[in-house]
Amino acid sequence: MTETARALLRHAAEALLRQGTVGDELVRERGRVREPVPVLGPDGEVHSFAVGVAVGEKLAGLLQFLPDGTLMRYASFQRGRDSVAEAPEAADWLDPKRIRARAEEHLRPHESTRTPYLTFDANPTRLAWLVPVVSASGGERPLLVAGTSVFEPSGGGIGGATG
Amino acid sequence: MPERLPPNDVTRIAAIELSALRLADVLPPEPFEGAALPSEGTPVYDLNGELLFHRVPIVTGDDPAAYADVAVHPAVGGPLIAASHGVAWDEQAIVVAATDEAHSHGVAFDTVRFVAYSFPKIALQFLRGGEEVLMLEWGTWAVVPPAQDGDRKPLEPGNFERWSLLDELPPELKERRAGQFRERLAIHGAVELRGVETALVSRDLFGPAAATSLVDTRELHFSGNQADHHVCYEVRGQRTSVWCVAASTQMLLDFYRYDYTQVRLAQELGLGTLAAPSGLPYSRVGDVVTVIEKMTSNALDATMIVSPGFGAFQSEIKANRPTISFIPGHSRTVAGYTRSVLNPFPMILRGLLVYDPWPPNAGVVTRWENFDTQVYQYAYSAVVKLV
């Protein structure tokens, strides 16, 4: 991702925030736009970009942009107006070190992890970090981390990867 | 009113659409403000041979800094498909590079054209005597394999599979999109815009009177009275990574004060247990209707809507009713809508207020989901039976 692309996304996120298109008064006044994170699809290509909006250490919401800059959605973690008390910590969603460490709590004996990346489970609105887990024999399995939840990719059906 | 966008109108329409997005601050000033559209760009065909859209280069100064895809075929649904920046579009250079690559495959050809081999992904198709001899994906120059035989559902292609947008769109969706397309072209033919002859992008194109205005927005309330009650809806996080349908059903039933646990609803929907959960197979999408009616002793009359349009959600919210919404691989509920209109002519941006059970054990409220960027497969409404 080029610095120009990052700057454009940050600008777009700032504009949407300051205009009041997304977020309530608290988020508009105190929200800080974080660095855009590429969301990779199953084919490894960039599907979209997630841009976090943090109030202090809390994650008020996530803007998701398509690669052409179109706003796809703004997902708010707020549970009450002008409050982020129940929102997750920003690091749970934006700090790859913490995300990797959370996945490592679920390792089996002799397993290790590789660098995580942001992706989605079944649908682009179901954002999650994928942490590749490697066994001693070299085999690999994915673990998904969405906030404080750690799980393996879903199976078939609605809520699953395929029909 | 033309059925398709005439090629000689492509740059004018693109300039108006892009300028409107500048006015709404959807597009950033760089590289769009003051950019020129020097040509109608590159025609891009559907795999069935019909002209689908033009890829129009956007030039700032002397630099081709971005491009816009402008639909010609009405089944696309609207004239402006996308505006992309960060990558320039230089048709001539692309054809030269692709031709070099094609020669390395040892094929002879007499025609090269751009195709949307997996809309909106682009490839170059090499033809000889009208027959394809090679197809290369733009940029990677990977050979696009021939069409696969198989019995898959329309619009559910596999990875790196070629497929025709026009052949796979359901007829009713095609017709609806064509209607939207014609409405949009009618706007461009309206009095205020008829005289606009431009190939420049500018937020000032429409004059000082232009502005964005929110004309219609509504959320679920305690009752149908919008004036004196508060918003009345809660998000429920899905208890497992595959229980989005159970969580969505829980949200809908909670609205009507049916206090069931998600575990119980999952059991009723046949989604297993917390220890061994499963998703809802596509073959059982009708079960949602059955379960809603069963769990309310038929006090709620549930209905499944296939391929719901914006109007379906809008009418439910206006009636103060939440809706369960299935999108590919996921389920959520819809609790509001908004329509932003760009004055003085109606350039409409549509959004849904989505209460999403993802991520597990948390959920988010999505305000707003751009309706035109999502695929809506099924929706479920539930109406209280009155005596």
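Anything mentioned here points back to the structure above.
This is a predicted model, so every value here is computed, not measured.

Explain the overall build of chain B here, please?
Check the secondary structure of chain B and you find 10 helices and 14 strands. In chain B, which comprises 387 residues, the proportion classed as buried is 43%. Sequence-distant contacts, at least 24 apart, represent 57% of the contacts inside chain B between residues at least 6 apart.

Would you take a moment to explain the environment of Glu 14 of chain A for this structure?
Residues and elements named next belong to chain A. Looking at the secondary structure, you find Glu 14 in helix α1 (residues 3-19). When the 16 C-beta atoms within 10 Å are taken as the criterion, Glu 14 is described as partly exposed. Sequence separation between Glu 14 and Arg 32 is 18 residues; the distance between their C-alpha atoms is 8.3 Å.

It is not clear to me how the environment of Ser 241 of chain B should be interpreted in this structure. Could you clarify?
For Ser 241 of chain B, the position within the fold is in the loop between β8 (211-219) and α7 (244-255). In this structure the C-alpha to C-alpha distance between Ser 241 of chain B and Ser 278 of chain B, which are 37 residues apart in sequence, comes to 8.8 Å. For Ser 241 of chain B, the residues in contact, after removing those within four places along its chain, are Asp 121, Phe 151 and Ser 154 of chain A together with Pro 360 of chain B.

Explain the interface of chain A and chain B here, please?
Accessible area lost upon the coming together of the parts serves often as the stated size of an interface. With 42 residues of chain A at the contact, the number on the chain B side is 39 residues. Of all the elements, α1 of chain A adds the most residues to the side of chain A that touches chain B, at 7 residues. Residues belonging to the side of chain A that touches chain B are distributed by class as follows: 19 nonpolar, 18 polar and 5 charged. Taken together, the 2 bridges between strand β5 (residues 71-76) of chain A and strand β13 (residues 364-370) of chain B define a ladder with antiparallel strand orientation.

The rules behind these values
- Residues numbered from 1 in each chain as written.
- Chains lettered and ligands numbered in written order.
- Predicted model: local features only at pLDDT ≥ 70, side-chain atom pairs only at ≥ 80, totals over all residues.
- Helix = DSSP H or I, 4+ residues; strand = E, 2+ residues; numbered from the N terminus.
- Buried ≥ 20, exposed ≤ 12 C-beta atoms within 10 Å, placed from the backbone.
- Contact = placed C-beta atoms within 7 Å.
- Nonpolar A, V, L, I, M, F, W, Y, C, P; charged D, E, K, R; others polar.
- Pairing = 2+ DSSP bridges.

This is a description of form; function is not addressed.
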